[in-house]
Amino acid sequence: GADGADGADGNGIASTVDNGNGTFTLNFTDGTSYTTADLTGPAGADGADGVNGADGADGADGNGIASTVDNGNGTFTLNFTDGTSYTTADLTGPVGPAGANGADGVNGADGADGADGNGIASTVDNGNGTFTLNFTDGTSYTTADLTGPAGADGANGANGADGANGADGADGNGIASTVDNGNGTFTLNFTDGTSYTTADLTGPVGPAGANGADGANGTDGADGADGADGNGIASTVDNGNGTFTLNFTDGTSYTTADLTGPVGPAGANGADGADGADGADGNGIASTVDNGNGTFTLNFTDGTSYTTADLTGPAGANGADGANGADGADGNGIASTVDNGNGTFTLNFTDGTSYTTADLTGPVGPAGANGADGANGADGADGADGNGIASTVDNGNGTFTLNFTDGTSYTTADLTGPAGADGADGVNGADGADGADGNGIASTVDNGNGTFTLNFTDGTSYTTADLTGP
């Protein structure tokens with residue numbers, strides 16, 4: 001009989017290579033490729049009938065795509081009309097290079113407030129060594145007796161003579177003031193006008209400790225002689241990656257972990273203070289060790305050390321949405337696909353360029369043997385059309401809709417790749433003028449009740465809230 005009607009044309013991607021062995025390599029626009037199994041079709045229909053030949057056999061039905069399944073792991077399963085199926089390799093494309101910073105976008109509307117967390121509404125000192133923590137959900141927790149044993153009083157040393165006033169030191173960047181924000185975070189305002197807000201330092205609930213026996217008060221000792229000069233902060237270096245190097249006056253240094261925090265408001269510059277007389281030697285922090293389990297070990301300049309409780313706090317409530325980031329560079333997508341009617345397809349991209357594929361028409365099957373002469377038979381029935389891709393629609397949200405020639409369609413999951421890496425940091429601004437002498441930490445006192453007193457080099461001090469975890 002006569003050849004069956006042609007099936008609907010299929011739809012290619014960026015380019016197709018005929019490997020000459022029945023397989024094809026599909027090159028995708030993201031630079032990946034895929035080689036098919038041997039797609040050599042079955043033998044074509046019998047050739048034209050001879051004189052008085054018997055009716056030719058119907059042409060074999062085409063093997064089209066019956067359905068496509070997104071497996072959710074980067075692979076797709078193609079179910080063919082002959083009952084077979086094929087699962088692709090993972091087609092997830094690699095992360096593209098970082099695009100140039102686009103112009104800042106307009107700030108988006110604030111997102112809805114996150115659900116309130118369960119914070120500490122108030123803390124009550126019960127006067128017997130225990131504390132009651134009242135939480136924002138109406139519950140409360142009373143700690144065990146946190147009163148530690150009294151330490152023996154040290155002998156007082158004789159008063160030393162006042163030393164001569166030291167030469168004026170270079171203006172350092174000290175701590176101008178410390179603000180307890182009341183939510184477990186602290187804001188450090190530096191003398192150069194910058195500030196830093198810590199993460200929530202409220203610790204988790206610790207196990208109840210046994211009550212310690214009260215120690216006897218020791219006798220007061222004589223005043224000790226003035227000690228050597230304390231180890232202060234000579235300078236602070238911003239390493240440009242969120243860490244800071246603290247250079248101490250004894251020539252040692254310490255590099256912090258990444259302290260990148262939210263930008264705080266700029267504080268007003270303080271007035272320059274008059275030079276003070278040399279103070280007694282303080283007990284400074286020689287080094288700080290992050291033990292990797294939520295605790296920190298503070299090594300002091302007098303050779304002693306102190307390891308904190310686990311300072312890892314619970315997660316805070318969700319903050320308000322930040323301003324929209326800078327727009328990324330426009331991607332180059334497929335604006336439209338044109339079937340040229342000759343086996344090729346033209347892909348028109350969103351940047352105005354286009355690409356025309358090679359002829360994707362499959363090879364012609366071998367000619368069938370001539371039938372025996374007979375009376376002209378009636379034409380055979382047309383073979384069933386294969387189910388190809390009639391058109392592809394970019395939905396503009398990372399998904400694509402494939403419209404098949406049998407009138408069905410399939411919409412993929414969001415195929416948008418991950419965001420590119422952030423652009424390089426801007427050039428550092430010029431150094432500002434030296435500020436007034438910094439206000440450093442002369443010594444730190446563990447008050448034995450979960451609070452710490454920080455004694456500053458200007459003679460002031462600050463006592464923290466109770467940092468003992470619930």
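Since the model is a prediction, treat every value here as computed from it, not as a measurement.

## Considerations on the overall build of the chain
- Check the secondary structure of the chain and you find zero helices and 27 strands.
- Evaluated residue by residue, the chain yields a buried proportion of 21% over its 470 residues.
- Sequence-distant contacts in the chain: of pairs separated by 6 or more residues, those separated by 24 or more amount to 37%.

## A word on the sheet that holds strand E4 (residues 65–70)
- Taken together, three strands build an open sheet; the order of strands is E4-E5-E6 and the sheet is antiparallel. The open sheet has two edge strands with one neighbour each: E4 and strand E6 (85–87). Adjacent strand axes in the sheet meet at a mean angle of 15 degrees when their direction is disregarded.
- For strand E5 (residues 76–80) and E6, the ladder comprises three bridges, and the chain directions are antiparallel. Each bridged residue has a counterpart across the sheet, and for Asn79 the counterpart in E6 is Ser85.

## Observations concerning the side chain of Thr16
- Inspection of the secondary structure puts Thr16 in strand E1 (residues 15–18).
- Judged by relative accessible area, which is 15%, Thr16 ranks as buried.
- The residues touching Thr16, leaving out its near neighbours within four places in the chain, are Phe24, Thr25, Leu26, Ala358 and Leu360.

## Some thoughts on the packing of aromatic side chains
- Enumeration according to the criterion identifies two aromatic pairs in this entry.
- Arranged with centres 5.6 Å apart and planes meeting at 65 degrees, the rings of Tyr306 and Phe452 form a pair that is edge-to-face. Taken together, the positions of Tyr306 in strand E18 (residues 305–307) and Phe452 in strand E26 (residues 452–456) put the pair 146 residues apart, joining distant regions of the chain.
- Classification of Tyr306 as partly exposed rests on a relative accessible area of 25%.

About the cut-offs
- Here the residue numbering is sequential within each chain, running from 1 through the sequence in written order.
- For this predicted model, a pLDDT threshold of at least 70 governs which residues receive local features, and a threshold of 80 or more governs which side-chain atom pairs are given and counted, while totals over whole chains, interfaces and linings are taken from all residues.
- Computation of side-chain values covers all heavy atoms of the structure but excludes hydrogens and water.
- Secondary structure is summarised from DSSP: a helix means a run of H or I of at least four residues, a strand means a run of E of at least two, and numbering begins at the N terminus for each.
- Throughout this description, buried means an accessible area under 20% of the type-specific maximum (1.4 Å probe, protein chains only), exposed means over 50%, and partly exposed covers the range between.
- Residue contacts are counted whenever heavy atoms from the two residues lie within 4.5 Å of one another.
- Here, a strand pair is defined by DSSP locating no fewer than two bridges between the strands.
- A fitted line through C-alpha atoms represents every axis, and for helices the fit uses only the stretch in contact; the resulting angles, taken between N-to-C directions, go from 0 to 180 degrees.
- Two aromatic rings from Phe, Tyr or Trp, using only the six-membered ring of Trp, form a pair when their centres are within 6.5 Å; if the ring planes differ by under 30 degrees the pair is stacked, by over 60 it is edge-to-face, and anything between is tilted.

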